[in-house]
Amino acid sequence: MERPQRWSTPFGPDMSDADITSLFERDDIAAIDIDRFPKHTPLEGVLRNDTRIVRYRSGDIVVREGDYGNSAFLVLKGNLRVVLAPKLPQSMLGRQNAKKKGFFEALSQLWTNSTIPEVRNLSGYEQQGLRGSSDSPDARVFLQDVPVVLNNHRTAMLREGSLFGELAALGRVPRTATIFSEDDAVLLEIRWQGLRELRKYDQGWRRKIDQRYRESALKNHLQESSMFARLDDTTLNAVADKVLFETYGAFDWNVSFQRLRERGSSQEAPLAKQGDYPDGLLMIRAGFARVSVQHGTGDRTITYLGAGDHFGLGELYAAWKNPDIEDMAMKTSISALGYVDVLRVPAPILEEHVFPFMDPPADTLMELAEHPVSDDALMEWAVEERFVNATRAMVIDLEKCVRCDDCVRACASTHGGNPRFRRHGKSSENLMVANACMHCTDPVCMIGCPTGAIHRSLQSGSVIINDMTCIGCATCANSCPYSNISMVAIRDSNDRPITDPESQKPIMKATKCDYCEGQPGGPACVRACPHDALKRVDFHDYNPTGSM
Amino acid sequence: MARKIPMSLVLFGVLALASFAALFWQSRLITVQLGDASILTGYTLFVTILLLGMFNARKKLSMIPLGRARTWLIFHVVLGVFALALFWLHTGGIWPLGLYEQLLAGSFYLVSASGVFGYLLQKALPSRLTHTGIEIIYDRIPAEIAEIRERAETLVIECTKETGSETVAQHYVGTLFWYFQKPRFLFAHLFGGDAAGFWLRGPGSAARRYLNDVEKKLFDEILDLAALKAHVDRHYVCQGVMKKWLFLHIPLAVSVVTLAVWHLILVNVYVL
């Protein structure tokens with residue numbers, strides 16, 4: 001077998017020569033200097049392999065507010081609308097309306113739960129504005145009455161040549177607005193790899209993307225940090241102008257992680273190495289990074305950093321405070337855990353605007369390195385398995401668990417008789433992380449869902465699936481690096497499999513733990529454990545020997 | 001590291017002690033006044049028994065917020081001890097005189113004993129399972145054993161094909177097949193013994209001295225599978241006991257409630 005290459009799997013397999021030619025005839029593409037692209041990554045290759053032409057019909061939702069995506073869009077033809085206010089209701093976006101169940105409604109599950117697995121009431125599916133099926137490439141949710149939406153909601157128009165979605169695609173942050181097609185439209189969808197190349201090799205695109213980020217998000221991000229909170233607007237703008245954007249690792253880290261795990265190896269892109277000279281503060285914007293220190297012949301993880309954390313402050317401060325000391329090298333290394341998006345604030349900026357006004361930072365990293373190695377075994381394991389991505393990992397203390405499965409039964413009792421997790425998973429010492437959705441900080445499962453059926457609940461922050469708009473394409477299940485999403489064949493109340501009338505294939509649905517969204521009393525699994533063995537944890541705050 | 005005593009245990013314990021002290025004092029008072037204290041203690045005991053049964057109902061009603069099962073278990077355990085003390089206060093001794101009362105007392109003691117037994121099992125066995133280093137769902141165990149056996153038999157066939165010798169095959173048929181057939185050394189696994197390991201080091205590997213290097217390598221792989229099966233067997237027996245003791249405890253509890261209801265009817269009809 002030949003080694004797979006960068007463009008072995010094009011984004012849009014149907015991109016024809018005519019498509020490429022027509023793209024080159026457009027002003028926004030023609031303005032790109034093709035000579036700046038290296039031979040191994042020509043612009044023509046980027047367009048052919050990292051983009052695809054997508055056609056939308058009137059009312060089709062292109063992106064939803066809150067969704068995660070790995071592509072940006074360039075409007076080639078037609079008009080799109082950005083919904084400003086009021087926001088579209090969740091049900092219109094193909095999402096679940098999370099209504100908290102009342103006591104008696106919850107109790108009624110005692111007799112309404114079916115003994116037949118995965119039974120569905122078919123009448124509910126017919127009322128959804130859903131176009132296409134799992135087999136069709138253009139399956140999507142659409143707005144059924146565009147004029148009414150335009151009347152009742154303030155919107156802004158996106159015309160031909162507009163670029164949108166690039167910040168969410170490159171920054172791994174949720175989409176900030178819902179955009180739908182007002183009339184029949186043609187869009188060029190550019191996956192993040194292509195967008196990265198365009199930003200890297202074309203100054204115009206880089207300026208456009210960076211400028212938009214600096215205008216829309218960077219200032220807010222800096223202001224959230226206590227270091228920059230005291231700066232006035234003018235100084236903050238000056239700081240923002242000097243900040244560098246850097247991305248390490250692969251955006252689709254989950255795919256490579258699954259592959260590498262199967263091979264028993266892992267590769268992490270380094271951000272800074274122990275012994276290097278610190279030239280700037282690294283502020284984590286999205287993703288995770290491992291902080292390690294050399295120990296014996298390997299690297300020992302001492303902590304991990306996520307969005308909002310920063311790295312290198314201690315060394316930079318010490319170098320500024322004691323300019324005569326020669327050895328001001330980094331005491332630790334930092335590497336991307338899959339994917340990390342960072343802001344690099346150059347040292348001179350800190351020396352001018354931050355250090356003179358702050359107390360010396362505590363050297364917490366080196367304190368951590370002084371702990372016995374055995375103390376870090378749990379964290380090292382959690383980092384290695386990427387459980388650090390979890391906000392609600394199901395951790396079972398096997399020294400307490402009597403394997404009674406009360407948790408599984410409780411889960412089934414709140415989900416129509418079907419348990420939504422498996423009491424099985426990876427273990428380290430006495431702790432097991434069961435195969436239950438961890439409601440990740442970086443929910444890779446949400447990328448690529450064609451209908452937005454899998455989404456983050458606005459009320460609880462849980463990642464949930466709207467069964468009504470799930471088309472069973474398994475994109476989410478295939479993306480989940482922890483195998484916590486199951487595809488199930490649904491049945492009717494007479495225990496007959498529900499099939500597609502055309503293909504006769506069974507209708508599949510993605511299912512997973514929804515953290516008992518809408519159920520009174522919180523997650524049933526935790527409440528049902530008589531031995532306090534099961535907990536839902538964020539590893540950042542988890543201390544198995546003490547209270548959380 | 002010492003485990004913290006749950007706050008709810010302290011709270012329920014203090015409440016149970018206070019309640020028992022109040023009942024004891026009240027029943028003495030009634031007796032001194034030539035009254036019948038067994039009415040008070042009997043009805044209290046009956047209510048206590050019903051409350052004990054509520055724990056099982058809680059398990060069936062996981063969909064509604066009835067508090068954490070952990071708190072319910074602590075309540076159940078404390079109430080169980082309270083019920084035992086109350087039972088002695090009610091009967092005025094350890095063993096009653098009437099035949100029906102003896103039947104009721106016997107059932108009550110059995111359900112109490114099975115409860116204590118189950119509680120101790122649940123404290124002792126989980127760590128024994130964890131220390132095997134493997135985790136397996138109980139319902140999957142027969143399939144897992146069959147899979148291990150199949151892998152062992154594949155190795156035996158491979159050994160015979162590769163070496164042309166039947167020594168390993170004969171040993172498998174004569175000795176190891178018995179072991180791989182189904183879970184073995186159940187009592188030893190339950191009580192933490194290593195009879196399976198002892199057997200594998202003795203009769204289980206007796207043929208090893210007669211094998212050449214190629215056979216030894218494959219035979220050692222079979223023994224590794226046998227060691228894995230010992231862990232699976234331990235899960236089978238320990239998980240099985242932790243699940244099945246309830247099949248004793250719950251029917252006994254139902255019989256106690258039934259007998260107590262009839263006892264109550266009899267007392268109300270003939271005594272009061």
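From a predicted model like this one, the values you see are computed outputs, not experimental measurements. (Residues numbered from 1 in each chain as written. Chains lettered and ligands numbered in written order. Predicted model: local features only at pLDDT ≥ 70, side-chain atom pairs only at ≥ 80, totals over all residues.)

Engineer: Any chance you could break down the overall build of chain A for me, citing the residues and the numbers?
Structural biologist: Along the backbone of chain A there are 18 helices and 24 strands. Its C-alpha atoms give chain A a radius of gyration of 25 Å, near enough to 24 Å, the size a compact globule of 548 residues would have. By its C-alpha atoms, chain A is 80 × 65 × 55 Å across when sized along the principal axes. Restricting to contacts in chain A with at least 6 residues of sequence separation, those with at least 24 account for 76%. (Helix = DSSP H or I, 4+ residues; strand = E, 2+ residues; numbered from the N terminus. Rg over C-alpha atoms; globule rule 2.2 N^0.38 Å. Contact = placed C-beta atoms within 7 Å.)

Engineer: I'd like a description of the overall build of chain B, backed by residues and values.
Structural biologist: Check the secondary structure of chain B and you find nine helices and zero strands. Relative to the 2.2 N^0.38 estimate, which gives 19 Å for 272 residues, the radius of gyration of chain B is 27 Å and therefore markedly larger than a compact globule would have. Considered along the principal axes of its C-alpha atoms, chain B spans approximately 95 × 40 × 35 Å. Within chain B, the proportion of its 272 residues that are buried is 28%. When contacts within chain B are restricted to residue pairs at least 6 apart in sequence, those whose partners lie at least 24 apart make up 78%. (Buried ≥ 20, exposed ≤ 12 C-beta atoms within 10 Å, placed from the backbone.)

Engineer: Which residues make up the interface of chain B and chain A, and what values do they have?
Structural biologist: Contacts between the two partners involve 22 residues from chain B, matched on the other side by 33 residues from chain A. Of all elements in the fold, only helix H3 (69-91), helix H4 (99-130) and helix H9 (213-271) of chain B reach the threshold of two or more residues within the side of chain B that touches chain A. Residue composition of the side of chain B that touches chain A, grouped by class: 12 nonpolar, five polar and five charged. (Nonpolar A, V, L, I, M, F, W, Y, C, P; charged D, E, K, R; others polar.)

Engineer: Could you give an account of the packing of helix H5 (residues 141-163) of chain B against H9 of chain B, naming the residues involved and the relevant values?
Structural biologist: Residue and element names in this part refer to chain B. Interhelical geometry of H5 versus H9 gives an angle of 170 degrees and a closest axis separation of 10 Å. In terms of their interaxial angle, H5 and H9 are classed as roughly antiparallel. Every residue of H9 that contacts H5 at Ile-141, Glu-144, Ile-145, Ile-148, Arg-151, Ala-152, Leu-155, Val-156, Glu-158, Cys-159, Glu-162 and Thr-163 is listed here: Val-214, Glu-215, Leu-218, Glu-221, Ile-222, Leu-225, Leu-228, Lys-229, Val-232, His-235 and Tyr-236. Its residues placed into classes, the contact of H5 with H9 shows 14 nonpolar, two polar and seven charged. (Axes fitted to C-alpha atoms, helices over the stretch in contact; angles between N-to-C directions. Parallel < 35°, antiparallel > 145°, perpendicular 65-115°, else oblique.)

Engineer: How would you explain the domain arrangement of chain A if you had to name every residue and give the values?
Structural biologist: Residues and elements named next belong to chain A. By the assigned domains, chain A splits into domain 1 (1-94 + 140-216), domain 2 (225-381) and domain 3 (385-537). Once you take the C-alpha centre of each, domain 1 and domain 3 turn out to be 31 Å apart. The partner domain 3 presents 13 residues to the 11 residues of domain 1 that form the contact. Per-class residue counts for the side of domain 1 that touches domain 3 are three nonpolar, four polar and four charged. (Domains from an automatic or database assignment.)

Engineer: Now, about the nonpolar core: what can you tell me, with residues and values included?
Structural biologist: The biggest cluster of nonpolar side chains holds 168 residues, and the ones touching the most others in it are Val-62, Ala-289, Val-340, Ala-393, Met-394, Ile-454 and Cys-525 of chain A. With 12 residues, H3 of chain B is the single largest residue contributor to this core. Residues in contact with Met-394 of chain A, not counting those within four places in the same chain, are Phe-421, Val-433, Ala-434, Ala-436, Cys-525, Leu-534 and Arg-536 of chain A. (Core = buried A, V, L, I, M, F, W, Y, C linked by C-beta atoms within 7 Å.)

Engineer: Explain the sheet that holds strand E4 (residues 80-85) of chain A to me, and be specific about the residues and the numbers.
Structural biologist: Residues and elements named next belong to chain A. Reading across from one edge, E2-E9-E4-E7 is the order of the four strands in this open sheet, with antiparallel pairing throughout. Every other strand in the sheet has two partners, leaving strand E2 (61-63) and strand E7 (154-158) as the edge strands with one partner each. Neighbour to neighbour, the strand axes of the sheet diverge by 35 degrees on average, direction disregarded. Of the strand pairs in this sheet, E4 and E7 are connected by five bridges, and their pairing is antiparallel. Residue pairing across strands places Ala-85 opposite Arg-154, the latter belonging to E7. (Pairing = 2+ DSSP bridges.)

Engineer: Outline unusual backbone geometry, listing residues and values.
Structural biologist: Residues and elements named next belong to chain A. In the segment running from Ala-85 into Pro-86, the intervening peptide bond is cis, with an omega of -15 degrees. Its location among the elements puts Pro-86 in the loop between E4 and helix H4 (103-107). If you check the backbone angles, Ser-483 has positive phi at about 55 degrees while not being a glycine. Within the secondary structure, Ser-483 sits in the loop between helix H17 (475-479) and strand E22 (486-489). Judged by the 12 C-beta atoms lying within 10 Å of it, Ser-483 falls in the exposed class.

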